[in-house]
Each structure stands twice: as structure tokens, then as C-alpha cells.
Amino acid sequence: MDLGIRGRRAIVCGASKGLGKGCALALANEGLELLITARGLDALESTAHEIRTSTGATVKTVAADIATPEGRQAVLAAMPAPDILVNNAGGPPPGDFREWDRDAWIAALDANMLAPIELIRATVDGMIARKFGRIVNITSSAVKSPIDFLGLSNGARLGLTGFVAGLSRQIVKHNVTINALLPGFHATDRILMGFAVLGKRSGKTADEARDAMLQQVPAGRFGTIEEFGQACAFLCGANAGFMTGQNLLLDGGAFTGTLG
């Protein structure tokens, strides 16, 4: 399926591994010019090399922390006029809310709410002027069904979701859309950390916690970064302009609400 975006330019954040990497790979396969960013230089360069080799795409890299003004400035200097923006950042640490002080909350908001908003603010008017723009925010299934030990993530990501709900409907007439992908349990480094936390809280081993988590997924498996990336690429497609302000679950059926 040709998504009609060959030759477009895309910024993909948090793209050195995990879900961001899956999105970058999928967009590269559609013939886009990419700028991928993450904090770790070595992993970022390794991923860029892998994408270039497997797809032939042009891939720029900027090692930066997009939660900081300096990091965002570096990214936008390297690609100031993207057609597509994929906002993604590692989630804040799990734990008990009694352990989180103001600094912990501010860090979570900076990474998972305010940084995406700032990147949208910096790029959306150019998209409007060019009459094409696709913004995808990678949030979490916790937006629809909160996860008790991920309270920082629950709060910050829901704040971003609320903001986007209004903005997305203001700009869609210009063929600029904003949607969110809500991952459930995917085979990434973050879920491995979750096994350890859950095991510690429940007196189980990490493997036992993994098995218990897997039982919550009707698909009987964890998601892959490749299938997640394909969903992202679809939302970025030229023919996806009538879909905006949506929060799409990719959770193997784990959320049991009748209307998703």
C-alpha cells in the first residue's frame, strides 16, 4: 500500500530503540527523509546505520534530550520544516506516588507533555502553510486505563492528550492532523523494567510477573515494534487526513471497553 508520502520529511523522537525505532523504520520504508533523535549517541548512530542499510533512506541524527530547550533547538536546526512529527519519549519511572516530589513531577511533565507541545508549536504553522502535516504522539494505554504503578506517566500523558484534543480540531481544515498511538504491552526495554517492579511489589520473580502480565493480553503475546511502526506510518499517510484527535489503542485487546 502506497501511503503517498514518499519524499516527505519526518522527525522521529526517541528513535534509537523500541517503539520510536519501529516508527522510524516504517517511515523509512515509505521513502521519507528522516531525522531521528535520542539521548544516547551510540545507539542512535547504530539505528541510523541499520535504517540506511535496510531501506536506503536518508537519515540524519541528532543526539539530544528533547525535554530541554537546547535539545529541541538542535533538532529543529537540523530539520526546521518537517512534514511529519512523531513525538516519543521514554516514560517516567514506575513507583509509589509517595516517593515522587515536585522535581519528579516536573521531569515527567517536561518529557511527556511539555516537550511534545513545544515541538508541535515550533512546527505546526509551517505544516499549515504547506497544507500538509501529520503529528503522531506516542502516549500509552494508560491514557484510557490507568496503570497504578505508572502514576507519573498517567498524569503527564493525559495532560498532553487533553491539550491535543482541542488543537487537533482547530487545524485539521489545513490538512494537518494530530493523533495518538496508545501502546499496551510491547516487547521493549521499558516493559522489562516493569517486570522487575511488579515482581518486587508482589513478591514474585520478574519472570512470574511477565507471565502474569501476558495473561492480561488476549492476543497471547506482546506487541512488536514493527507492527507498531506500521500503525504510525498509516496515520502519517496522505490519505489519513480525515482522522484527527484520535487515541488509537495497540494493546492486543487488553482494554475491555466496548467502544475501545
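Reading the values: rules and limits
Residues numbered from 1 in each chain as written. Predicted model: local features only at pLDDT ≥ 70, side-chain atom pairs only at ≥ 80, totals over all residues. Heavy atoms only, no water. Helix = DSSP H or I, 4+ residues; strand = E, 2+ residues; numbered from the N terminus. Rg over C-alpha atoms; globule rule 2.2 N^0.38 Å. Buried < 20%, exposed > 50% of the residue type's maximum accessible area, 1.4 Å probe, protein only. Contact = heavy atoms within 4.5 Å. Areas by Shrake-Rupley, 256 points an atom, 1.4 Å probe, with all protein chains shown as cover. Lys, Arg positive; Asp, Glu negative; His and termini not counted. Charge placed at Lys NZ, Arg CZ, Asp CG, Glu CD. Arc of directions from axis to C-beta. Axes fitted to C-alpha atoms, helices over the stretch in contact; angles between N-to-C directions. Parallel < 35°, antiparallel > 145°, perpendicular 65-115°, else oblique. Left-handed = near helix turned anticlockwise from the far one by under 90°. Nonpolar A, V, L, I, M, F, W, Y, C, P; charged D, E, K, R; others polar.

> Can you help me understand the overall build of the protein chain in this one?
Each helix and strand counted, the protein chain has 8 helices and 7 strands in total. The C-alpha radius of gyration computed for the protein chain amounts to 18 Å, which stays within 12% of the reference 18 Å derived for 260 residues, consistent with globular compactness. The dimensions of the protein chain, computed from C-alpha atoms along their principal axes, are 55 × 40 × 40 Å. Taking all 260 residues of the protein chain together, 49% fall into the buried category. Here the analysis covers contacts within the protein chain between residues at least 6 apart in sequence; of these, 74% occur between residues at least 24 apart. Accessible surface, the protein chain: about 12200 Å² in total, of which carbon and sulfur atoms supply 54%. Charged side chains of the protein chain number 25 positive and 24 negative; the gap between the two group centres comes to 6 Å.

> Even after reading the chapter, I still don't get helix α8 (residues 225-235), so can you show me in this structure?
For an α-helix, 3.6 residues make a turn, and residues three or four places apart therefore share a direction. Within α8, burial applies to Ile225, Phe228, Gly229, Cys232, Ala233 and Leu235. Projection of α8 onto a plane perpendicular to its axis shows the buried side chains occupying an angular sector of 155 degrees, all on one side. Those residues of α8 hidden inside the fold are in contact with α1 (18-29), β4 (84-87), β5 (133-138), β6 (176-183) and β7 (247-250).

> Whenever I open this one, the packing of helix α4 (residues 102-130) against helix α5 (residues 151-171) confuses me. Can you help?
A pair of packed helices is characterised by two quantities: the angle between their axes and the separation of those axes. In contact at an axis separation of 8 Å, α4 and α5 are set at 20 degrees when each is read in the N-to-C sense. For the element pair α4 / α5, the angle class is roughly parallel. Crossing angle aside, the handedness with which α4 passes α5 is right-handed. Here α4 contributes Ala104, Trp105, Ala108, Leu109, Asn112, Met113, Pro116, Ile117, Ile120, Val124 and Ile128 to the contact with α5, which in turn contributes Gly151, Leu152, Ala156, Arg157, Gly159, Leu160, Phe163, Val164, Leu167 and Ile171. Classifying every residue of the contact of α4 with α5 by side-chain character gives 17 nonpolar, 3 polar and 1 charged.

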